[in-house]
Every structure is written in C-alpha cells, then in structure tokens.
Amino acid sequence: MTKQNTGRRGGFWKGLGLFFVGMLVLTAVLCALLWQALKKYEAGTPAAAMRRYLIQVQQQEYDQLYEASGFTPTEFTGKEEYIAYLKRLYDGQNLSQAIFNQRTGGADGRRLYAVMANGSPVADLDVWQETENGPWQVRTHLDLDGWYEVLAPEDTDVWVNGVLLAPEEADTTLAPAYAGLPETVSGPQMTLYRVTGVLGEPDVTAESENGRCAVEQSDPEEGEDAPLGVYTVLLKPDEKTAETYKSLAQQAAETYATFISRDTDRSVMLAQLIYGSEFQKRVASYNNIWYAEHTSHEFEDMEITELLCYGENAFTCHVSFTYKVSRSGGREYEYPSQYDMAFLKTGGRWKLADLVTQ
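Residues numbered from 1 in each chain as written. Predicted model: local features only at pLDDT ≥ 70, side-chain atom pairs only at ≥ 80, totals over all residues. Heavy atoms only, no water.

Turning our eyes to something else, we now look at the sheet that holds strand S11 (residues 212-218). If you walk across this open sheet you meet the 5 strands as S8-S9-S5-S12-S11, and the pairing is mixed. Looking at which strands have only one partner, the edges of the open sheet turn out to be strand S8 (171-174) and S11. Taking the axes of each pair of neighbouring strands and ignoring which way they run, one obtains an average angle of 25° across the sheet. In this sheet, strand S9 (residues 189-196) lies alongside strand S5 (residues 147-153) in antiparallel orientation, the contact comprising 7 bridges. Paired with Ala-152 across the bridge in S9 is Thr-191. (Pairing = 2+ DSSP bridges. Helix = DSSP H or I, 4+ residues; strand = E, 2+ residues; numbered from the N terminus. Axes fitted to C-alpha atoms, helices over the stretch in contact; angles between N-to-C directions.)

See below:
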C-alpha cells in the first residue's frame, strides 16, 4: 500500500513538472509571436514610415526620395531644385532623435506632421496610404502656393532658376523714382513679373546691353496677396557712362544747393527741371528769402554713389556733400547734405526729374 502511494505521488510531480515546462514553452512561443506582431504593427505605423524616411535623408538618398515623392515638376522647379530644397532643410540637422507632432492642415486625405529636432521645427511631412491598410507613404511637405515679385528695367533679360522670363506675359509699371512726372512726359518703365511654382528662394539673374546687372532682394509689404519676396534688378552703367552721369549729377546738385542759398537765380534752376513735374512745381513756389546773407560758399567731400540706369534715357543716384557758407566776420557754417536724384533725357536734353533731400 505504501509503495503504491509513493508511485502515485512521483507520477503527480512528474506530470506537474511537465505541465509547467509546457506552459513555459507555450508562453515563450506566445511572447515571441506577440513581439513579432508588435514589431510588424509598429513597422506599419506613420511614425515608423517617417523614421525610415529620415534615415534615407541622413544617408542622402535624395534621388530615391525624389522618385518616390511623386512630385510634378513646375516651370521653375525640377528635380535639381527639389533636391536642393531638401538639402537646405535637412543638412546639418540631428535627425536621429527627431520627434513628430501631428498638425492640422493635411489635404487630400494626407496627414501632416512637423519634424522637431532639438526642440526646433525642421520640416513638415506629408503621410498617406495609397490604399486602405496599405503601407504608409512619406514625403517632405512642399508649399508652392505663394509667388515672388521680380522687377526689372525694360529691355532686360531676366532668368529665374535658369528659365528666361517672358516680358510679354508680365505687367509694366513706372519706375518709382519718376512718380512725380506729368502725364505728358513718359518715364522709364519697369517690367513686373509675378513668378509662381518656385520651391524655396528663387535664383534670379539678369543681363542687359545697357549696363551691368545686380539683383537686390527686399522684404515685401504685408497684405492678403503679398509676395513671398521681392527681387529688383539694378542696372549699373559702365565706367564711361557713369562718369557722364556723375558730372550731370554734381552740376545739378550744386545748382540746387546754391539756389536754396540764393546764390543761383530761380530761372537757372527751373531750366534744368521737367516742366509740370511735382519737383518743378515745388521749386517754382519755393521761398528762399529766409536764407541768411553770406559772403561765399563752397562744396566739400562731394560723393556720388548708387548710380542706377533705366535704359539709355534715365538714371538715378545718391549725392552727398558738405555745403560750407561763410558769413561776415569770418564765421563759417557747414551743412551736411544728401540728395536722392532722378534724371530723364527728354527732347534730347538731360533734365532733373526729382530730388529728395535726406
């Protein structure tokens, strides 16, 4: 009897041990399956897709990213500009620890995420599925809705991202320095381009037979339909023409200064102006009787800078000098002066179209 009980107890413990071993094996198998399922699930999430995208960025697989983006080139933005834009966004960023914050504003069923690195925004990502339960697709979000303003003198060839702009498709506007001309006098026109479909800042270049071109970038005025940026083509005269313009500007500046001090007759000043212009009207009605009597005058430190031309018949410049006046008793007075001047050739003669003092 005792031996039988002992045998039964041994079988019980053996069965119990096998049961626990089996449970352990089953638990391990289930954990492994669960781990694989979780990995598969995590790999199919938007976060995993965005992480894989940033790994491609870090490995500079830009050609593959461009092909996978589905981007449709515009007139001014192709593959080269697309890749350059990605490099500007991501180069130098620590993307290994980037986090993703979902944002509002996704369009066409796409989700929009902000990529944050070291607490600062780097870029936005579009995330979407081509089919239900399909893999998540990722690309850098592009903003092509805005436009840029490019302003250039007439008869100037202008390129944006290597594409020649068509002036016949643009508007024209009077050069700002000539706004005070009468309606009977035609001032220099500027070609105004509205450039759309540009990714990032445009590369604006220009050429003209009338001088050397430089491009100046400025911030636009705020408004509902304001451009993202303003690019103005500046036309600088060659050295020989510049010397002619400087001589004209110096003579006109000295005439105006001596008119103010009553050393030049009003009729001499008016003869150099465009009749009917706002500046001519101001000079015609200006009362300089207040200027103190003096015995002599002279100019010092005459500088003529910022020479810009608008074709062959118009130019602007900045003139600065010190006007010294001597009064009785040997007293001398110095008047630092600065003029912004606009000239126009009309009727074969150069005239002063406007002068603004600073």
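From this point, the discussion proceeds with the structure in view.
Now for the packing of aromatic side chains. Counted according to the given criterion, the structure contains 16 aromatic pairs. Plain terms: the ring middles of Tyr-256 and Phe-259 are 6.4 Å apart, the flat faces sit at 45° to each other, and that makes the pair tilted. Residue Tyr-256 and its partner Phe-259 are both found in helix H5 (residues 239-260); the two are separated by 3 residues, about one turn of the helix. The residues Tyr-256 and Phe-259 share a single accessibility class, namely buried. By the ring-pair criterion, three or more aromatic residues cluster together here, those being Tyr-256, Phe-259, Phe-279, Tyr-286, Phe-299, Phe-321, Tyr-323 and Tyr-339. In this structure, Arg-194 packs its charged tip against the face of Trp-147, placed 3.9 Å from the ring centre. (Phe/Tyr/Trp six-rings, centres within 6.5 Å; stacked < 30°, edge-to-face > 60°. Buried < 20%, exposed > 50% of the residue type's maximum accessible area, 1.4 Å probe, protein only. Lys NZ or Arg CZ within 6 Å of the ring centre and 35° of its normal.)

Our next topic: the side chain of Thr-156. Following the sequence through the fold, Thr-156 ends up in the loop between S5 and strand S6 (157-160). The class for Thr-156 is buried, based on a relative accessible area of 7%. A polar contact is formed between the side chain of Thr-156 and the backbone oxygen of Pro-153, at a distance of 3.0 Å. Beyond its immediate sequence surroundings of up to four residues, Thr-156 is in contact with Tyr-193, Ala-206, Glu-207, Ser-208, Cys-213 and Val-233. (Polar contact = N/O pair within 3.5 Å; in protein donor to acceptor, adjacent residues only side chain to side chain. Contact = heavy atoms within 4.5 Å.)

Let us look at unusual backbone geometry. Phi is positive for Gln-60, which is not a glycine, with a value near 55°. Topologically, Gln-60 is positioned in the loop between helix H2 (46-58) and helix H3 (62-69). With a relative accessible area of 55%, Gln-60 lands in the exposed category. Phi at Asn-133 is positive, roughly 70°, even though this residue is not glycine. Topologically, Asn-133 is positioned in the loop between strand S3 (120-129) and strand S4 (136-140). With relative accessibility at 72%, the residue Asn-133 sits in the exposed group.

Another point: the environment of Ala-170. Among the secondary structure elements, Ala-170 is positioned in the loop between strand S7 (163-164) and S8. Along the sequence, Ala-170 and Leu-192 sit 22 residues apart, while their C-alpha atoms lie 5.8 Å from each other. Setting aside chain neighbours within four positions, we find Ala-170 in contact with Thr-191, Leu-192 and Tyr-193.

Turning our eyes to something else, we now look at the sheet that holds strand S14 (residues 314-326). Pairing in this open sheet of 4 strands is antiparallel, and the strands run S13-S14-S15-S16 from one edge to the other. Looking at strand neighbours, the two that pair on one side only are strand S13 (296-309) and strand S16 (349-357), the edges of this open sheet. Adjacent strand axes in the sheet meet at a mean angle of 30° when their direction is disregarded. Bridge analysis of S13 against S14 gives 10 bridges, and the strand direction is antiparallel. Across the sheet, Cys-309 pairs through a bridge with Phe-315, a residue of S14. Against the sheet, H5 touches S13, S14, strand S15 (332-346) and S16, its axis set at about 135° to S13.

With that settled, the discussion passes to a negative patch on the surface. There is a patch of like negative charges on the surface, built from Glu-154, Asp-155, Asp-157, Glu-207, Glu-209 and Glu-312. Note on placement: Glu-209 falls in the loop between strand S10 (204-207) and S11. The class for Glu-209 is exposed, based on a relative accessible area of 82%. (Patch = residues over 30% accessible without salt bridge, like charges linked within 9 Å, V, L, I, M, F, W, Y side chains within 5 Å. Areas by Shrake-Rupley, 256 points an atom, 1.4 Å probe, with all protein chains shown as cover. Salt bridge = Lys/Arg side-chain N within 4 Å of Asp/Glu carboxyl O. Lys, Arg positive; Asp, Glu negative; His and termini not counted. Charge placed at Lys NZ, Arg CZ, Asp CG, Glu CD.)

Here we take up the confidence of the model for the protein chain. Low pLDDT marks stretches whose predicted atomic positions should not be read closely. When pLDDT is averaged along the protein chain, the result is 88, and 88% of the positions lie at 70 or above. The model gives residues 37-43 a pLDDT under 50, and that stretch makes 3 contacts with residues more than four places away or in other chains. (pLDDT = per-residue confidence, 0-100.)

Turning next to the state of the cysteines. One pass over the structure, following the stated rule, counts 0 disulfides. Unpaired in this structure, Cys-309 has its nearest cysteine sulfur neighbour in Cys-213, at a distance of 8.4 Å. (Disulfide = S-S within 2.5 Å.)

Close contact between H2 and H3 brings their axes to 8 Å; oriented N to C, the two are set at 140°. Considering their axes alone, H2 and H3 lie oblique with respect to each other. Contact with H2, carried on its side by Tyr-53, Gln-56 and Val-57, involves Tyr-62, Gln-64 and Leu-65 of H3 and no other residues of that element. (Parallel < 35°, antiparallel > 145°, perpendicular 65-115°, else oblique.)

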